[in-house]
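Topology and contacts: notes
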Amino acid sequence: MATVVAFHAHPDDEAILTGGTLARAAADGHRVVVVTATDGRVDNDDCDRLSELRLSAKRLGVHRVECLDYADSGFGAELYPDPPGRIRFARADVEEAAQRLAAILRDEGSDLLLSYQANGGYGHRDHVQVHHVGRRAAQIAGTPRVLEATMPREMLARVANAAALLRLPAPYPREVVRTAYAPTSAITHRINVFRFARQKRDACAAHRSQIGANRATARLFAVLLRLPPQVAGLMFGREWFVDPALAPGRVYRDIFE
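These numbers were taken from a predicted model, which means no experiment stands behind them.

Rules behind the numbers
- Residues numbered from 1 in each chain as written.
- Predicted model: local features only at pLDDT ≥ 70, side-chain atom pairs only at ≥ 80, totals over all residues.
- Heavy atoms only, no water.
- Axes fitted to C-alpha atoms, helices over the stretch in contact; angles between N-to-C directions.
- Helix = DSSP H or I, 4+ residues; strand = E, 2+ residues; numbered from the N terminus.
- Parallel < 35°, antiparallel > 145°, perpendicular 65-115°, else oblique.
- Left-handed = near helix turned anticlockwise from the far one by under 90°.
- Contact = heavy atoms within 4.5 Å.
- Buried < 20%, exposed > 50% of the residue type's maximum accessible area, 1.4 Å probe, protein only.
- Core = buried A, V, L, I, M, F, W, Y, C linked by side-chain atoms within 4.5 Å.
- Pairing = 2+ DSSP bridges.

1. Let's talk about the packing of helix H3 (residues 94-108) against helix H5 (residues 125-141)
Contact geometry of H3 with H5 gives a least axis separation of 8 Å together with a crossing angle of 55 degrees. If you check the angle between H3 and H5, you find them oblique. With respect to the hand of their crossing, H3 and H5 are arranged in right-handed fashion. Contact residues: Val94, Glu95, Ala97, Ala98, Gln99, Leu101, Ala102, Leu105 and Arg106 in H3; Gln129, His132, Val133, Gly134, Arg136, Ala137, Ala138, Ile140 and Ala141 in H5.

Have a look at this one:
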């Protein structure tokens, strides 16, 4: 059996991007660890997002949860000053943060690190920083393989168009989708997680503070959480990764291939 460590920017990213893959790995007997760079709290926010993370992880079968305890950098044009006594992850020294993550990778004897692409998926500064810190930590710890969580850009464009027709909020604005994540041709791993779609949906639901963060998000999640299992499986039944060490072409069906 292998040990997989999933490194994410904020609580809820683990469920959205890799929830089905983590649940599948745990069900197959592998050790699964989730590490977040931040606790996800916005300044002056009293939400306990780490408790939500632990509940999400429990629903996915994750064995260990850790947080590097950086402050959320926020998404927008302005990077705000660091809060008292903390450093926003986007400003963190890459080497220092990588050493923290590498200590966990070494402790776990990790065989595989799940991280993010250089574009941070949709450009969030914390997600971009995950890419740099994760890549360096794997080098320090000698973790043999890194996979970068992604989504097919073409699929996101179709979702954005459908959301506009149905008057539902799209996951990302159309102008973001044009350069988001990866084109289908660059994807090296397409993982079937149909059997774990309910677990993924329930893990997303654990992040209640994010579901109710704004009216549009709450409306979207209200629709998703009412879906019957078969429909949820169709919507949450695939997850995607890019192996930066592989040339695009062949598509693998298991993260351990």
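2. With respect to the environment of Ile104
Along the chain, the position of Ile104 falls in helix H3. Relative accessible area serves as the criterion here: at 9%, Ile104 is assigned to the buried category. Once the C-alpha coordinates of Ile104 and Ala137 are considered, the two residues, 33 residues apart in sequence, prove to be 9.5 Å apart. The residues contacting Ile104, other than those within four sequence positions of it, are Val35, Arg64, Glu66 and Leu68.

3. Considering the nonpolar core
Ranked by size, the top nonpolar core spans 61 residues in total, and within it Phe7, Val35, Phe89, Leu101, Leu114, Tyr172 and Tyr181 carry the most contacts. In contact with Leu114, other than residues within four places in its own chain, are Val4, Val5, Ala6, Phe7, Thr18, Leu22, Leu147 and Phe241.

4. Describing the sheet that holds strand E5 (residues 145-150)
Within the open sheet, the seven strands sit side by side as E3-E2-E1-E4-E5-E7-E6. Their pairing is mixed. The outermost strands of the open sheet, each flanked by one partner alone, are strand E3 (64-70) and strand E6 (189-192). Ignoring strand direction, the axes of neighbouring strands in this sheet form an average angle of 25 degrees. Where strand E4 (residues 112-116) and E5 come together, five bridges link them in parallel fashion. Across the sheet, Leu113 pairs through a bridge with Val146, a residue of E5.

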